[in-house]
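One letter stands for each residue in the lines below.
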Amino acid sequence: MPVQSVLVIQGPNLNLLGTRQPAIYGHETLNDIHARLQRTAQSAGISLTSFQTNHEGALVDRIQQAPRDGIDFILMNPGAYTHTSVAIRDALSAVNIPFIEVHLSNIHAREAFRHRSFVSDIALGTICGLGSQGYDLALSYALQRGKES
Ligand code: CA2
């Protein structure tokens, strides 16, 4: 089945994109990134919803809501919760919707505490270190997925 409805979930502090630390996170704002993803989704005729919060419980709630909203693919940058949150891992595991973990920076080239991810092993795949293009590549994968068969 081709993907029809994608949810993009952004974790804590990603609302600051484009305003601080451009050397690590780039110059684009989250709105710039989401607008571009939205255009790609629209051209492909699929639905795309973007969501950002700084709160762990709100991320869990949004993941739990996804099946009720008919979401069939998730792109997620869990931000710092990547490295700490069993709750987010459990929620992603529970909903059983395929997802790609995206990070702007190369978490393996940074501090040791960023090397561990609580979600990588349950993700379909992980993209890190390619800046905002990582989201576009992940969406492109989602759009292709299921079309071949
Ligand atoms: O590289 C990524 O995408 C991260 O998920 C970003 C998180 C960080 O904790 C992860 O280890 C890797 C931090 C997001 C903070 O975003 C900011 C953006 C602009 C200015 C300041 C923070």
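Structure: see above.
Residues numbered from 1 in each chain as written. Predicted model: local features only at pLDDT ≥ 70, side-chain atom pairs only at ≥ 80, totals over all residues. Heavy atoms only, no water.

Draft legend 1. Seen up close, the pairing of strand S4 (residues 99–103). Burial within S4 is extensive, with 5 of its 5 residues counted as buried. Burial along S4 is two-sided: the residues Phe99, Glu101 and His103 and Ile100 and Val102 are all buried. As paired strands, strand S3 (residues 73–77) and S4 are joined by 3 bridges and run parallel to one another. Opposite isoleucine 74, over in S4, you have phenylalanine 99 as the bridge partner. Taken together, the 4 bridges between S4 and strand S5 (residues 125–128) define a ladder with parallel strand orientation. By the bridge assignment for S5, valine 102 is matched with isoleucine 127. (Buried < 20%, exposed > 50% of the residue type's maximum accessible area, 1.4 Å probe, protein only. Helix = DSSP H or I, 4+ residues; strand = E, 2+ residues; numbered from the N terminus. Pairing = 2+ DSSP bridges.)

Draft legend 2. The sheet that holds S3, seen in detail. Across the sheet, 5 strands lie side by side as S2-S1-S3-S4-S5; this open sheet has parallel pairing. If you trace the sheet from one side to the other, it starts and ends with strand S2 (47–52) and S5, each paired once. Ignoring strand direction, the axes of neighbouring strands in this sheet form an average angle of 15°. Here strand S1 (residues 5–10) runs beside S3; their pairing, made up of 5 bridges, is parallel. Within the sheet, the bridge partner assigned to leucine 7 lies in S3 and is isoleucine 74. With respect to the sheet, helix H5 (residues 133–144) is in contact with S1, S2, S3, S4 and S5, its orientation differing from that of S3 by roughly 165°. (Axes fitted to C-alpha atoms, helices over the stretch in contact; angles between N-to-C directions. Contact = heavy atoms within 4.5 Å.)

Draft legend 3. Representation of the site of the ligand. Residues in close proximity to the ligand total 17 residues, the closest being Asn77, His83, Leu104, Ser105 and Arg114. Histidine 83 places a side-chain nitrogen or oxygen 2.7 Å from an oxygen atom of the ligand. Note that an oxygen atom of the ligand is positioned 2.8 Å from one of the backbone N or O atoms of leucine 104. Protein contact buries 95% of the 510 Å² of open area that the ligand shows by itself. Residue composition of the shell around the ligand, grouped by class: 8 nonpolar, 7 polar and 2 charged. (Near = heavy atom within 4 Å. Polar contact = N/O pair within 3.5 Å; in protein donor to acceptor, adjacent residues only side chain to side chain. Areas by Shrake-Rupley, 256 points an atom, 1.4 Å probe, with all protein chains shown as cover. Nonpolar A, V, L, I, M, F, W, Y, C, P; charged D, E, K, R; others polar.)

Draft legend 4. Up close: the pattern of salt bridges. Evaluation of the coordinates by the stated rule reveals 6 salt bridges. Here aspartate 121 makes a salt bridge to arginine 89, at a shortest N to O gap of 2.7 Å. A residue pair is termed long-range when its members are at least 10 positions apart, and aspartate 121 in the loop between S4 and S5 and arginine 89 in helix H4 (residues 86–95) qualify at 32 residues. Note on arginine 89: relative accessible area 22%, which makes it partly exposed. Linking arginine 114 and glutamate 111 is a salt bridge whose minimum nitrogen-to-oxygen distance equals 2.7 Å. (Salt bridge = Lys/Arg side-chain N within 4 Å of Asp/Glu carboxyl O.)

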